[in-house]
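Notes for the structure review
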Amino acid sequence: LLRRYAPRNDCLGFLFYSPLTGFTLIELLLSLSILGLGLCMVVRSFISSLEAISINQDYLAAVPIASEKLAELKLQAYEKKGLTPSSDSGIVELGPREASYKREVSEISEPEYLKEDLLLAKMEMSWQRRGKTRNYTMLTCLPKYKEDEE
């Protein structure tokens, strides 16, 4: 930025002005502030990625639990030759925290041709993480219970 020149003598004794070597205080402060800003951005992105990994671990723990609860409904549908509309809820362990779940079997509203044979099964899980509610929902269709017509 700002260069200072000092008088010097060359090998023949002539006087000339050459720039002083080294950095000025302004150059040093400016480079340190740029370095500090860069380090702040790197640390911030590192912390954000750690938080995202932790949140994804919660979701990865929720998927098998929700699948297991829906598999229980599928097994009931197979054993009883169908299901009727119903709902239940409870609490399960989700790693180091607890999660609540709500399992609901309801009538399908659309399309018309599925109303007679299928029910909509919905598995919804929710848990708290740092004051925010996180949710995971799975949906599937299961056969509707029909009385034997003879």
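Structure: above.
The following paragraphs examine the structure supplied in this document.

Notes on the overall build of the protein
Within the protein one finds two helices and six strands. In the protein, the order of α-helices and β-strands from amino to carboxyl end is β-β-α-β-β-α-β-β. When burial is assessed residue by residue, the protein has 21% of its 150 residues classed as buried. For the protein, the accessible area works out to roughly 11400 Å², and carbon and sulfur atoms hold 60% of it.

A closer look at the side chain of Arg129
Relative to the helices and strands, Arg129 resides in strand E5 (residues 118-129). Here Arg129 is in contact with Glu51, Ser54, Ile55, Asp58, Arg97 and Arg134, once residues within four sequence places are set aside.

Examining unusual backbone geometry
Of note, the phi angle at Arg130 is positive, near 50 degrees, even though the residue is not glycine. Among the secondary structure elements, Arg130 is positioned in the loop between E5 and strand E6 (132-143).

Remarks on the sheet that holds E6
The pairing of strands in a sheet comes from backbone hydrogen bonds and takes either a parallel or an antiparallel form. In spatial order, the strands read E3-E4-E5-E6; together these four strands make up an open sheet with antiparallel pairing. Here the strands that pair on one side only, and so sit at the sheet edges, are strand E3 (86-94) and E6. Between one strand axis and the next, the sheet turns through 20 degrees on average, direction left out of account. Summarising the sheet, E3 and strand E4 (residues 97-107) pair through nine bridges and their orientation is antiparallel. Paired with Ser87 across the bridge in E4 is Glu104. Strand contacts of helix H1 (residues 25-79): E3, E4, E5 and E6, with the helix running at about 30 degrees to E6, the strand carrying the most contacts.

Section: the packing of aromatic side chains
In this structure the tally under the stated criterion is one aromatic pair. Taking 5.2 Å as the distance between ring centres and 70 degrees as the angle between the ring planes, the aromatic pair formed by Tyr59 and Trp127 counts as edge-to-face. With Tyr59 in helix H1 and Trp127 in strand E5, this residue pair connects regions lying 68 residues apart in the sequence. Classification of Tyr59 by relative accessible area gives partly exposed; the value is 25%.

Notes on a nonpolar patch on the surface
On the surface, a nonpolar cluster with roughly 610 Å² of combined accessible area is contributed by Leu25, Leu28, Leu29, Leu32, Leu35 and Leu39. One can find Leu28 in helix H1. Relative accessible area serves as the criterion here: at 42%, Leu28 is assigned to the partly exposed category.

About the criteria used
- Residues numbered from 1 in each chain as written.
- Predicted model: local features only at pLDDT ≥ 70, side-chain atom pairs only at ≥ 80, totals over all residues.
- Heavy atoms only, no water.
- Helix = DSSP H or I, 4+ residues; strand = E, 2+ residues; numbered from the N terminus.
- Buried < 20%, exposed > 50% of the residue type's maximum accessible area, 1.4 Å probe, protein only.
- Areas by Shrake-Rupley, 256 points an atom, 1.4 Å probe, with all protein chains shown as cover.
- Contact = heavy atoms within 4.5 Å.
- Pairing = 2+ DSSP bridges.
- Axes fitted to C-alpha atoms, helices over the stretch in contact; angles between N-to-C directions.
- Phe/Tyr/Trp six-rings, centres within 6.5 Å; stacked < 30°, edge-to-face > 60°.
- Patch = residues over 30% accessible without salt bridge, like charges linked within 9 Å, V, L, I, M, F, W, Y side chains within 5 Å.
- Salt bridge = Lys/Arg side-chain N within 4 Å of Asp/Glu carboxyl O.

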